[in-house]
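The chain contents come next:
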Amino acid sequence: ALDHRYRCLRNRAMADAEAMSVSEANKTDVVEKGEEATSAPQPATKSPPEPSEFATSHFTGLSLQERFDIVRSVGEECIQDEELYRLLNAKNPICYDGFEPSGRMHIAQGVMKALNVNKLTKAGCTFKFWIADWFAMLNNKMGGDLKKIRNVGQYMIEVWKAAGMDMERVEFIWCSDEINSRADEYWSLVMDIACKNKLGRIVRCSQIMGRAETDDLAASQIFYPCMQCADIFFLKADICQLGMDQRKVNVLAREYCDAVKRKNKPIILSHHMLMGLLQGQEKMSKSDPNSAIFMEDSEADVSVKIKKSYCPPGVVEGNPCLEYIQYVILPWYGKFEICRKEENGGDKTYTEYTEIEKDFVDGNLHPGDLKPALTKSINAILQPVRDHFKNNADAKKLLATIKNYKTTK
């Protein structure tokens, strides 16, 4: 079933990327001076490297091309495919993602991240989670209370374990602990990055904190991008596997490599950002509980939120229900099942997103049938998480504690 999910994701990623020109891809972001445009997935490099032990006898049993296809399917954008292919031929890469413990975990961070991590570790990568407690404090999450932030970080780890993330090649590293243990190495790197960039370039990275360039930023938030850039090198990451909203600082890291004449740049593998459930919400918000499904939401919560979600008949653009199916349900199950009366078309099982979209546009799949099926699928995915926080005494206490915290923007 997992292999089927990988194939579905890979095929969709390849088809989507081939349909997207470089100029269209660049519309997703203002390209900074020195930034590189996204590249479409390629089945082979222009000048393939000599096969190494990682290509001919890898411990996963997968070929180099199979590993490349699995890893590449994680990203909506990759900078750069050629470098990724060569990296996989040379070593078992270290992937990294950093997260602020800032509140309850929504389904994109929970389920989509679990799927992506499982694919990357299946392909032989090690995944390092940087639990950015100090960053959350700098960004005034949980009111800047470090104890609350640490509790939220532990809760998030519990969610991923319950959601089915394979922990065999996964490491969770607390930012404050690791920096304190290697302070001389870390702060020297942060200062060097700061010295090699103008203030304007750093301010343009404010998007990574959920801020705008025009916001009245605190001094700590100016410091934040330099630290996040340093994290990549501090953790010896080969691949930055974060969301598209973190693109600017990841590109800053590649620019820093140019400045210091570092040959091996970190590869940027940016995943899709799931939109919010209500009309016009480009992304989910932890501060708006109606914008997202949270990982320990009850069955009733999920039902109400999906019923209220934006899903006009025949409209694909800006439709969060279709996004949930494409990026959560199909990758998880490899299929999407509709149950309905014969007079309404009868039961139908979809295995490709393009089929769902076509039927929806043509009027052969109505929101009145799609929403109950989506609700049922989401609830089945979340049930093990609910059970964990209900039956495990420590997890139950932890969830009750963080639910009392006020989420701060």
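For the structure itself, look to the data block above.
Residues numbered from 1 in each chain as written. Predicted model: local features only at pLDDT ≥ 70, side-chain atom pairs only at ≥ 80, totals over all residues. Heavy atoms only, no water.

For this particular structure, what's the right way to read the pairing of strand β2 (residues 94–99)?
The element β2 is largely enclosed, with a buried count of five among its six residues. Relative to strand β3 (residues 126–131), β2 runs parallel, the two being bridged by six bridges. Looking across to β3, one finds that tyrosine 96 is bridged to lysine 128. Sheet analysis places β2 next to strand β5 (residues 239–240), joined by two bridges and oriented parallel. Within β5, the position partnered with cysteine 95 by the bridge is isoleucine 239. (Buried < 20%, exposed > 50% of the residue type's maximum accessible area, 1.4 Å probe, protein only. Helix = DSSP H or I, 4+ residues; strand = E, 2+ residues; numbered from the N terminus. Pairing = 2+ DSSP bridges.)

I would appreciate a short explanation of the environment of isoleucine 239 in the present structure.
Of note, isoleucine 239 is situated in strand β5. Residue isoleucine 239 is classed as buried on the basis of its relative accessible area, which comes to 0%. For isoleucine 239 and serine 270, which are 31 residues apart along the polypeptide, the C-alpha to C-alpha distance reads 9.7 Å. What isoleucine 239 contacts, discounting residues up to four positions off in sequence, is Val71, Leu84, Leu87, Pro93, Ile94, Cys95, Tyr96, Ile267 and Leu269. (Contact = heavy atoms within 4.5 Å.)

Just checking my understanding: could you explain helix α10 (residues 183–195) for this structure?
For α10, which comprises 13 residues, the first-to-last C-alpha distance of 18 Å matches the rise-based estimate of 18 Å (1.5 Å per residue) to within 8%. Every buried residue of α10 is listed here: Tyr186, Leu189, Val190 and Ile193. In a view along the axis of α10, the buried residues occupy a sector of 100 degrees, so they form one face of it. Away from its buried face, by an angle of more than 90 degrees, α10 presents the exposed residues Asp184 and Cys195. Where α10 is buried, its residues contact α7 (133–138), α9 (175–181), α12 (219–234) and α13 (247–259). (Expected span 1.5 Å × (residues − 1). Arc of directions from axis to C-beta.)

Explain α13 to me, please; I cannot follow it from the model alone.
The α-helix advances 3.6 residues per turn, and as a result positions three or four apart in sequence lie on the same side. With 13 residues, α13 extends 19 Å from end C-alpha to end C-alpha; this agrees with the ideal 18 Å at 1.5 Å per step. Buried residues of α13: Arg247, Lys248, Val249, Asn250, Val251, Leu252, Ala253, Arg254, Glu255, Tyr256 and Cys257, and no others.

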